[in-house]
Each structure stands twice: as structure tokens, then as C-alpha cells.
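Chain residues, written in single-letter form:
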Amino acid sequence: QQPVQSPQAVILREGEDAVINCSSSKALYSVHWYRQKHGEAPVFLMILLKGGEQKGHDKISASFNEKKQQSSLYLTASQLSYSGTYFCGTANSGGYQKVTFGTGTKLQVIP
Amino acid sequence: DTEVTQTPKHLVMGMTNKKSLKCEQHMGHRAMYWYKQKAKKPPELMFVYSYEKLSINESVPSRFSPECPNSSLLNLHLHALQPEDSALYLCASSPGASGVSYNEQFFGPGTRLTVL
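Residues numbered from 1 in each chain as written. Chains lettered and ligands numbered in written order. Predicted model: local features only at pLDDT ≥ 70, side-chain atom pairs only at ≥ 80, totals over all residues. Heavy atoms only, no water.

Focus on the state of the cysteines
Residues and elements named next belong to chain A. Let me state the cut-off plainly: Whenever a pair of cysteine sulfur atoms sits within 2.5 Å, that pair is classed as a disulfide. A run of H or I in DSSP becomes a helix once it reaches four residues, and a run of E becomes a strand once it reaches two; helices and strands are each numbered from the N terminus.
Under the definition given, this model contains two disulfides over all chains. Cysteine 22 shares a disulfide with cysteine 88; S-S distance 2.1 Å. For the disulfide bridge between cysteine 22 and cysteine 88, the dihedral angle about the S-S bond is near 70°, and by the sign convention the bridge is right-handed. Within this pair, whereas cysteine 22 is found in strand 3 (residues 18-23), its partner cysteine 88 is found in strand 9 (residues 84-91), the two being separated by 66 residues in sequence.

Right, here's the structure in full:
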């Protein structure tokens, strides 16, 4: 029931792009994306709602395919500050504030 | 004030101790959460409070007891914990518009708990 993310880990050079995928076995109402740096709390990046509404964040964007129950996070022109572990979080209904976090993707950006 | 604060930052306790974790936010958010996070794993939802009432209990053992005294404050009371309960405990809040689950969650820095 936990969303599965791919890849598990990725190393980028500054300026390169990356895509992180999140796949769920259940119908999704919304998808959240968070970044967590080592020893810190998760930080909200983006939310995508069923029906296409989206909130953006700088050079980071995302897509949400409701039929395939998948979401992808796009990081363009990566910066050193993008390093961290990215989690998607999925909600299956609009009734409660329940978000299930995905398996995580560790991203390292090197000079 | 746009942050969630948690105290203490670190806690070491024995299996017979009683302790409490505290979480506070002053953003006017009406939903508050407790998560447990093991090393290199995603946060796992434990409890959700919505408008100061317990909305979700993810089948958490009774040795964890949440409390929401008011809309700004969330406590987690700990009693007779096991070593496997050692983890980072994260508190979060969200605006909590009634009936909608899309609100982004703001996380506190967490309390790192060690049970001996």
C-alpha cells in the first residue's frame, strides 16, 4: 500500500536534470512531494490534486497521471541545495488528512 | 510565525519511564499529526487531530497516548516503551480545511527518542 518510488538513489552533477517517479496501487486523490535533508524535517515542495490543480516550486515541477496512479517530480538545472531524500505522499480520499509516504529517493548533487 | 516547534530535541528513556513529547504551532492550523520515522525510512503516520479531535489512529500501541489540549498544542505521552520504539518522532500541522486532504503539511524538526 506504500507508494513505490524510482529510482531509489541518483547522483547528478550541478546543472543536470532528474525525474523521480511515484507509483501507487490505489486510486489517488492527491499527491504531495517533500524533500528531507539529512537530520532535518521534511519540507513541502508541491501538491497535485485529482483534476489537475497544482502548486509549483521554482525549477521543480511535477505531473500527476490519475489513470495510471502515478506522479513524477521533475528537477531542472539541479543545484547543490537539491540534495536530499525526496518522498512522495499520497492521499486516497479527500475526507481525511491522511498521507502515506513513498519509499523515498535519495538525490545527491555534486559539483 | 511559520514554524512548528518540538521539544525536547533528544530524549533518552528507560522502558519503565513516563515521558512526553510536545509540539506547538501558531499558524492557525487546525490539523496536527504525529509521525514516526526510522533511519532511512519514510515517515509513518501515527495520529491525526482535526479541530482538536482525534481523527485517525493508525493502530498505534497504547503505550503511545496523544493529547491535543488546544488548537496550537499537541502532546505525545510515552509509557513503558520498547527499544524498537527508538526513532525520530515528527510533528506536523496543516491548515486543515474540513473535508479536504490536499493541504500541505509543515513539519517540526522532530524529537530523536532512544529507549534503553
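Now that the structure has been shown, the text picks up again.
Re the environment of A:Glu16
Residues and elements named next belong to chain A. As a reminder of what qualifies: Whether two residues touch is decided by their heavy atoms; if any such pair falls within 4.5 Å, the residues are in contact. As used in this structure description, the phrase polar contact means that two N or O atoms lie within 3.5 Å; if the pair is within protein, one of them must be able to donate a hydrogen and the other to accept it, and residues adjacent in sequence are counted only when both atoms belong to side chains.
Positionally, glutamate 16 belongs in the loop between strand 2 (9-13) and strand 3. In sequence terms glutamate 16 and serine 78 are 62 residues apart; their C-alpha atoms lie 5.5 Å from each other. The residues contacting glutamate 16, other than those within four sequence positions of it, are Leu75, Thr76, Ala77 and Ser78. At a separation of 2.9 Å, a polar atom in the side chain of glutamate 16 contacts the main-chain amide nitrogen of arginine 13.

Examining the interface of chain A and chain B
Basically, it comes down to this: In this description, buried area is defined as the sum, over both parts, of the accessible area (probe of 1.4 Å) that is lost when the two are combined. Whenever a carboxyl oxygen of Asp or Glu lies within 4 Å of a side-chain nitrogen of Lys or Arg, that contact is scored as a salt bridge. Residues were grouped as follows: Ala, Val, Leu, Ile, Met, Phe, Trp, Tyr, Cys and Pro as nonpolar; Asp, Glu, Lys and Arg as charged; and all remaining residues, including Gly, as polar.
Chain A puts 24 residues into the contact, and the matching count from chain B is 26 residues. Of the roughly 2000 Å² buried where chain A meets chain B, counting both sides, 57% is carbon and sulfur surface. Linking chain A to chain B there are one salt bridge. Linking chain A with chain B are three residue pairs in polar contact (both at pLDDT 80 or more), by the criterion used here. Sorting the residues of the side of chain A that touches chain B by element identifies strand 4 (30-36), strand 5 (43-49) and strand 9 of chain A as the ones contributing at least two each. Top contributing element to the side of chain A that touches chain B by residue count: strand 4 of chain A, with four residues. Tallied by class, the residues present in the side of chain A that touches chain B amount to 12 nonpolar, 10 polar and two charged.

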